[in-house]
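Structural characterization, general
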Amino acid sequence: QVQLVESGGGLVQAGGSLRLSCAASGRTFSSYAMGWFRQTPGKEREFVARITFNGRTTYYADSVKGRFTVSRDNAKNTVSLQMNSLLPEDTAVYYCAADRVATGRETRINAMDYWGKGTLVTVST
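For side chains of opposite charge, pairing can occur when their charged atoms come near one another. Enumeration over the complete set of coordinates arrives at seven salt bridges. Across the salt bridge formed by Arg-38 and Glu-46, the nearest N and O atoms sit 2.7 Å from each other. Looking at Arg-38, the relative accessible area reads 6%, which means it is buried. A relative accessible area of 36% places Glu-46 in the partly exposed class. For Lys-65, the salt bridge is made with Asp-62, and the minimal N-O distance between the two is 3.2 Å. This pair shows no difference in class: Lys-65 is exposed, exactly as Asp-62 is. One salt-bridge network, in which partners are shared between bridges, spans Arg-38, Glu-46, Arg-67 and Asp-90.

Here you go:
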């Protein structure tokens, strides 16, 4: 069992930056790939970024590539999402997720094994 808690959301102006963090419980964190997803009202949850279990490979949605960076610290059981050059369309609830399949690019929501409750990011114009 892995429990995930996101933090770091808030209100930021367009062009600004935020750093989201996800703290994980459990001794097996380092064996999971970790993903970030986001959801706005009335829309499906969508993939944002993913990092493999050892942090060596990252994947991004085209919409955030070059602006967002995902990283992890397995010693601290945390995964982070650095978001720069934020746009109003980045406004969403951001969720972190853990995937037992520790490598590869997996973007499907129903492939994730554990989810956090989300943190709200609001980007104003």
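As enumerated under the stated definition, the model contains one disulfide in all. Residue Cys-22 pairs covalently with Cys-96 via a disulfide, S to S 1.9 Å. Judged by the sign of its S-S torsion, about 45 degrees, the bond between Cys-22 and Cys-96 is right-handed. Residue Cys-22 is found in strand E3 (residues 18-24), and its partner Cys-96 is found in strand E9 (residues 92-99); the two are separated by 74 residues along the sequence. Comparing Cys-22 with Cys-96, the two get one shared label, buried.

Before going further, it helps to spend a moment on the pairing of strand E1 (residues 4-7). Consecutive residues of a regular strand have side chains that alternate between opposite faces of the sheet. Residues Leu-4 and Glu-6 point to one face of E1 and are all buried, whereas Val-5 and Ser-7, pointing to the other face, are not buried. Where E1 and E3 come together, four bridges link them in antiparallel fashion. Note on E3: the bridge partner recorded for Val-5 is Ala-23.

Evaluation of the coordinates by the stated rule reveals four aromatic pairs. Feature note: the residues Phe-37, Phe-47, Tyr-95 and Trp-115 constitute an aromatic cluster, connected by ring pairs. If you follow Arg-45 out to its NZ or CZ, it ends over the ring of Tyr-95, 3.6 Å from the centre. Lying across the ring of Trp-115, Arg-45 places its NZ or CZ 4.8 Å from the centre.

Criteria and cut-off values
- Residues numbered from 1 in each chain as written.
- Predicted model: local features only at pLDDT ≥ 70, side-chain atom pairs only at ≥ 80, totals over all residues.
- Heavy atoms only, no water.
- Salt bridge = Lys/Arg side-chain N within 4 Å of Asp/Glu carboxyl O.
- Buried < 20%, exposed > 50% of the residue type's maximum accessible area, 1.4 Å probe, protein only.
- Disulfide = S-S within 2.5 Å.
- Helix = DSSP H or I, 4+ residues; strand = E, 2+ residues; numbered from the N terminus.
- Pairing = 2+ DSSP bridges.
- Phe/Tyr/Trp six-rings, centres within 6.5 Å; stacked < 30°, edge-to-face > 60°.
- Lys NZ or Arg CZ within 6 Å of the ring centre and 35° of its normal.

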